[in-house]
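Each chain, letter by letter, is given below.
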Amino acid sequence: MLYRSFVILHILSVGVLIGLFTVSVIGTSMRRKVAGTAAELASIRSGATMAPIMANIGSIGLLISGIIMTLMHYSFFPFATVP
């Protein structure tokens, strides 16, 4: 049950990173359409506040859940077994 919850967390973190990529591509194309207007500043501001938050959530969630899932089934340096 605990392993399954970390798998779900891992998949959600990947989803956040894929969403970040999608939002940045769509935001860049929308920013080009409104270049030179006040809407460009609002678009840049929303991207600058949302991107670091999504990147931190996705990367930290991926790292922590990956390490914990690895430690649940394997060890990082298994010197007792033959590779």
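Residues numbered from 1 in each chain as written. Predicted model: local features only at pLDDT ≥ 70, side-chain atom pairs only at ≥ 80, totals over all residues. Heavy atoms only, no water.

**Q** Which parts of the structure should I look at to understand the environment of phenylalanine 21?
**A** Position of phenylalanine 21 relative to the elements: it lies in helix 1 (residues 2-33). By relative accessible area, phenylalanine 21 is classed as exposed at 58%. Counting along the chain gives 33 residues from phenylalanine 21 to methionine 54, while the straight-line C-alpha distance between them is 9.8 Å. (Helix = DSSP H or I, 4+ residues; strand = E, 2+ residues; numbered from the N terminus. Buried < 20%, exposed > 50% of the residue type's maximum accessible area, 1.4 Å probe, protein only.)

**Q** Would you take a moment to explain the side chain of serine 13 for this structure?
**A** By the secondary structure assignment, serine 13 is in helix 1. Judged by its relative accessible area of 4%, serine 13 falls in the buried class. Setting aside its immediate chain neighbours within four residues, serine 13 contacts Ile57, Gly58, Gly61 and Leu62. (Contact = heavy atoms within 4.5 Å.)

**Q** When you look at the packing of helix 1 against helix 2 (residues 38-73) in this model, what are you seeing that I'm missing?
**A** How two helices pack is summed up by the angle between their axes together with the distance between the axes. For the pair helix 1 and helix 2, the least separation of the axes is 8 Å and the interaxial angle reads 155 degrees. The angle between helix 1 and helix 2 falls in the class roughly antiparallel. The way helix 1 lies across helix 2 gives a crossing that is left-handed. By residue class, the composition of the contact of helix 1 with helix 2 is 20 nonpolar, 11 polar and two charged. (Axes fitted to C-alpha atoms, helices over the stretch in contact; angles between N-to-C directions. Parallel < 35°, antiparallel > 145°, perpendicular 65-115°, else oblique. Left-handed = near helix turned anticlockwise from the far one by under 90°. Nonpolar A, V, L, I, M, F, W, Y, C, P; charged D, E, K, R; others polar.)

**Q** What is the right way to look at the environment of isoleucine 68 in this model?
**A** Topologically, isoleucine 68 is positioned in helix 2. Among the residues examined, isoleucine 68 registers a relative accessible area of 28% and is labelled partly exposed. Separated by 65 residues in the primary sequence, isoleucine 68 and tyrosine 3 place their C-alpha atoms 8.7 Å from one another.

**Q** Looking at this structure, how should I read helix 2?
**A** Within an α-helix, residues lying three or four positions from one another point in the same direction, as the helix has 3.6 residues per turn. Under the 1.5 Å per step criterion, the end-to-end length of helix 2 is 53 Å for 36 residues, consistent within 8% with the ideal 52 Å. All of the buried residues along helix 2 are Ser43, Met54, Gly58, Gly61, Ser65, Gly66 and Met69. Buried positions along helix 2 lie against helix 1. (Expected span 1.5 Å × (residues − 1).)

**Q** What am I meant to see in a nonpolar patch on the surface here?
**A** Among the surface-exposed residues, Ile60, Leu63, Ile64, Ile67, Leu71, Phe76, Phe77 and Phe79 lie close enough to one another that they form a single nonpolar patch of about 900 Å² accessible area. As for its placement among the helices and strands, leucine 63 is situated in helix 2. In this structure leucine 63 comes out as exposed when scored by relative accessible area, which is 52%. (Patch = residues over 30% accessible without salt bridge, like charges linked within 9 Å, V, L, I, M, F, W, Y side chains within 5 Å. Areas by Shrake-Rupley, 256 points an atom, 1.4 Å probe, with all protein chains shown as cover. Salt bridge = Lys/Arg side-chain N within 4 Å of Asp/Glu carboxyl O.)

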